[in-house]
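Chain by chain, the residues run as shown.
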Amino acid sequence: MSVSVRIPTILRTYTGGIAEVSGDGATLRDVLAKLDSDYPGIGARILDESGKIRRFVNVYVGEEDVRFAEGLDTPAPEGTEISIIPAVAGG
């Protein structure tokens, strides 16, 4: 299943500057695995050592924050847009 994945500016060094790439997979976990296969190293910036989404990274499948859905097992239907958004801190 093909989905589009929006890549934040800070991670575009892994995609050669591309802001949106296509991905494949039935779940977010599958899409991220394929993304890391296509763009080596990007997965480690999204997932921590235990394989969970990093604390300061937000991921949306469509309009849904996966932390409040099924996490990495959130379905990724064909045509869905996945957004990876690093949290911004400051004051």
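Structure shown above.
This one's a predicted model, so the numbers in the text were calculated from it and none came from an experiment.

A. Spotlight on the overall build of the protein. Within the protein, the secondary structure is distributed over 2 helices and 5 strands. Its helices and strands in sequence order give the protein the pattern β-β-α-α-β-β-β, from N to C terminus. Judged by the C-alpha coordinates and their principal axes, the protein covers about 40 × 30 × 25 Å. Excluding contacts between residues fewer than 6 apart, the proportion of contacts in the protein whose partners are at least 24 apart in sequence is 53%. Just so you have it, the protein exposes about 5,400 Å², and 52% of that area is on carbon and sulfur atoms. When the 9 basic and 14 acidic side-chain charges of the protein are each reduced to a single mean position, those positions are 9 Å apart.

B. Expanded view of the environment of Pro-77. Relative to the elements of secondary structure, Pro-77 occurs in the loop between strand S4 (64-65) and strand S5 (81-86). Separated by 52 residues in sequence, Pro-77 and Gly-25 place their C-alpha atoms 8.4 Å apart.

C. Highlighting the sheet that holds S4. The mixed open sheet is built from 5 strands, whose spatial order is S2-S1-S5-S3-S4. If you trace the sheet from one side to the other, it starts and ends with strand S2 (20-24) and S4, each paired once. Two strands pair when backbone bridges link them, and strand S3 (residues 57-61) and S5 are joined in this way by 5 bridges, in the antiparallel orientation. Its bridge partner being in S5, Val-57 is matched across the sheet by Pro-86.

D. Summary view of the pattern of salt bridges. Inspection of every chain in the model, using the stated rule, returns 4 salt bridges. Residue Arg-29 pairs with Asp-73 through a salt bridge whose shortest N-O separation is 3.1 Å. Within this pair, whereas Arg-29 is found in helix H1 (residues 28-38), its partner Asp-73 is found in the loop between S4 and S5, the two being separated by 44 residues in sequence. Judged by its relative accessible area of 40%, Arg-29 falls in the partly exposed class.

E. Inspection of the pairing of S5 at higher detail. Of the pairings in the sheet, the one linking strand S1 (residues 2-6) to S5 comprises 3 bridges and is parallel in character. Its bridge partner lying in S5, Val-5 is registered against Ile-82.

F. Representation of the nonpolar core. Among the nonpolar cores identified, the biggest contains 21 residues, and Val-5, Ile-7, Leu-28, Leu-35, Ile-46, Ile-82 and Ile-84 are the most heavily contacted of them. Top contributing element to this core by residue count: H1, with 4 residues.

G. Region of the structure containing H1. All buried positions along H1 are accounted for by Leu-28, Val-31, Leu-32 and Leu-35. One side of H1 carries all its buried residues, which in axial view fall inside an arc of 95°. Packed against the buried residues of H1 are S1, S2, helix H2 (42-46), S3 and S5.

What counts and what doesn't
Residues numbered from 1 in each chain as written. Predicted model: local features only at pLDDT ≥ 70, side-chain atom pairs only at ≥ 80, totals over all residues. Heavy atoms only, no water. Helix = DSSP H or I, 4+ residues; strand = E, 2+ residues; numbered from the N terminus. Contact = heavy atoms within 4.5 Å. Areas by Shrake-Rupley, 256 points an atom, 1.4 Å probe, with all protein chains shown as cover. Lys, Arg positive; Asp, Glu negative; His and termini not counted. Charge placed at Lys NZ, Arg CZ, Asp CG, Glu CD. Pairing = 2+ DSSP bridges. Salt bridge = Lys/Arg side-chain N within 4 Å of Asp/Glu carboxyl O. Buried < 20%, exposed > 50% of the residue type's maximum accessible area, 1.4 Å probe, protein only. Core = buried A, V, L, I, M, F, W, Y, C linked by side-chain atoms within 4.5 Å. Arc of directions from axis to C-beta.

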